[in-house]
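Structural characterization, general
So you can see what is in the structure, the chains are spelled out below.
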Amino acid sequence: MRPLVGFLIEYSSAKKPSLEIRSRQFPCVICANFRYNHSGGLQVEPAPEFGSEQAQADETMKNVLAIYPGSFDPVTNGHLDLIERGAKIFDRLVVSILRNFEKDPLFTIDERVEMLREVTRPWDNVEIDVFSGLLVEYARLREANVLLRGIRAVSDYEYELQMAMMNRKLNPKVETVFMLPAVSYSYLSSRLVREIAQLGGPITGLVPPVVEERLRAKIL
Ligand code: PNS
């Protein structure tokens, strides 16, 4: 980025961007955003009004509460890998199961909550919860600043990008953070685990032992 030197300017009104820009001597308060446009010219934009939704979205995040939403039917070692990574960088991480009335799940919500509680016991900043309805609305109610999602391969990207952008449109205060699970889990999904288990294939190493036991019990 090119440094801005020479003079300091103040945008005269955040509400009326067409008003003139006045140059001032130091010291002065800069209440505008500066950026270089494509042709190299300096572009000045009014800073968001104090307290506005955009200003709140621009605030530095402190005490970050992240939500890791999903179906978790069932939780896999790939999910667990992401939970471990998320628990390290966020102050609190809420793994939240979507109560989806349209889907026909293998495990009930209560079973999924039990399994997730069991496998996330090592992290005391991880909580398990259930939500229904819009994710951004749930995030607002929980006062969460981050949505955590995993991207295993390029094939996940398009869907995740679309969802993240739509969630940003719905609530600009919430940031989506993508994390990559270990390469060894890049092909792993709950759907494949369910299918392999239902067809009698080996699932050891794909899910935590407690989930493996539950899967066997459910299917036999
Ligand atoms: O693990 P999944 O099943 O891929 O998780 C998808 C999930 C739960 C993150 C997504 O379906 C979701 O957020 N559903 C809540 C409804 C919602 O907010 N829809 C608009 C998304 S832009």
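Time to look at helix α7 (residues 209–219). Of the positions making up α7, those classed as buried are Val211, Glu212 and Leu215. Looking straight down α7, one finds that the buried residues subtend no more than 105° of arc, so they occupy a single side. Residues of α7 that are exposed and point more than 90 degrees away from the buried face comprise Pro209, Glu213 and Ala217. Where the residues of α7 are buried, they touch α3 (109–119) and α6 (190–198).

On to the site of the ligand. Around the ligand lies a shell of 14 residues, among which Gly70, Ser71, Leu134, Leu135 and Arg149 are the nearest. Separating an oxygen atom of the ligand from a backbone N or O atom of Leu135 is a distance of 2.8 Å. One of the side-chain N or O atoms of Arg149 is found 3.1 Å from an oxygen atom in the ligand. Considered on its own, the ligand offers 550 Å² of accessible surface; in the complex 74% of this is hidden by protein. Here the ligand occupies the largest pocket. Looking at the shell around the ligand element by element, the count peaks at four residues for helix α5 (residues 154–170). Residues belonging to the shell around the ligand are distributed by class as follows: eight nonpolar, four polar and two charged.

The subject of this paragraph is the side chain of Asn145. Note on placement: Asn145 falls in the loop between α4 (135–142) and β8 (146–150). A relative accessible area of 17% means that Asn145 is categorised as buried. Within the structure, Asn145 has its side chain in polar contact with the backbone nitrogen of Leu65 (distance 2.8 Å). For Asn145, the contacting residues outside a window of four places in its chain are Met61, Lys62, Asn63, Val64, Leu65, Lys173, Val174 and Glu175.

Ranked by size, the top nonpolar core spans 34 residues in total, and within it Tyr68, Ile83, Leu93, Val95, Leu116, Val126 and Leu215 carry the most contacts. Residue assignment for this core shows that the elements contributing at least two residues are β5 (65–70), α2 (77–89), β6 (92–98), α3, β7 (126–131), β8, α6 and α7. Here this core takes five residues from α3, the largest share from any one element. Excluding its chain neighbours within four sequence positions, the residues that come into contact with Leu93 are Ala66, Tyr68, Ile83, Gly86, Ala87, Asn125, Val126, Glu127 and Leu148. Core analysis: the next-biggest nonpolar cluster, separate from the first, contains ten residues, Tyr138, Ala139, Ala144 and Val174 among them.

Reading across the sheet, the five strands line up as β7-β6-β5-β8-β9 and stay open at both edges, with parallel pairing between neighbours. Because the sheet does not close on itself, it has two edges, and the strands there are β7 and β9 (175–179). For this sheet, the mean inter-axis angle between neighbouring strands, taken without regard to orientation, is 30°. Both β6 and β7 contribute to a ladder of six bridges, which runs parallel. From the neighbouring strand, Ile97 faces β7, where its bridge partner is Val130. Across the sheet, α5 lies against β8 and β9, angled at about 170° from β8, the strand it touches most.

Turning to the layout of surface pockets, a few remarks are in order. Reported here for the largest pocket is a volume of approximately 1100 Å³. Pro69, Gly70, Ser71, Lys103 and Arg149 are, among the 38 residues lining the largest pocket, the residues nearest its centre. Residue assignment for the lining of the largest pocket shows that the elements contributing at least two residues are β5, α2, β8, α5 and α6. Top element by residues in the lining of the largest pocket is α5. It accounts for eight residues. Grouping the amino acids of the lining of the largest pocket by side-chain chemistry returns 16 nonpolar, twelve polar and ten charged.

The rules behind these values
Residues take numbers from 1 onward in each chain, read along the sequence in its written order. Local features are withheld for residues below a pLDDT of 70 in this predicted model, meaning they are given only at 70 or higher, and side-chain atom pairs are given and counted only at 80 or more; totals for whole chains, interfaces and linings count all residues. Side-chain numbers here rest on the full set of heavy atoms in the structure, without hydrogens or water. Accessible area is worked out with a 1.4 Å probe on protein chains only. A residue is then buried under 20% of its type maximum, exposed over 50%, and partly exposed in between. Strands are runs of DSSP state E lasting at least two residues, helices are runs of H or I lasting at least four, and both sets are numbered from the N terminus onward. Note that the arc is computed from the directions linking the helix axis to the C-beta atoms. Contact definition: two residues touch when any of their heavy atoms are within 4.5 Å. If even one non-hydrogen atom of a residue comes within 4 Å of a molecule or strand, that residue is called near it. Throughout this description, a polar contact denotes any pair of N or O atoms lying within 3.5 Å of each other; where both atoms belong to protein, one of them has to be capable of donating a hydrogen while the other can accept it, and for residues adjacent in sequence the pair is counted only when both atoms sit in side chains. Accessible surface area values rest on a Shrake-Rupley calculation with a 1.4 Å probe, where residue burial reflects the displayed protein chains alone. Cavities and pockets are found on a 1 Å grid laid over the protein atoms alone: a cavity is a set of points where a 1.4 Å probe fits but cannot escape, a pocket is an open set with protein on both sides within 12 Å along at least five of seven lines, and a lining residue has an atom within 4 Å of such a point. A molecule is said to be in a cavity or pocket once over half of its atoms fall within 2 Å of that pocket's grid points. All residues other than Ala, Val, Leu, Ile, Met, Phe, Trp, Tyr, Cys, Pro, Asp, Glu, Lys and Arg, Gly among them, are scored as polar; the first ten of these are nonpolar and the last four charged. Residues belong to a common nonpolar core when they are buried Ala, Val, Leu, Ile, Met, Phe, Trp, Tyr or Cys residues joined through side-chain atoms within 4.5 Å. Only when DSSP finds a minimum of two bridges between them are two strands counted as paired. For helices, the axis comes from a line fit to the C-alpha atoms of the stretch in contact; other axes are also lines fit to C-alpha atoms, and the angle between any two N-to-C directions lies between 0 and 180 degrees. Grid points are joined across faces, edges and corners, and a volume is the space filled by probe spheres set on the points.

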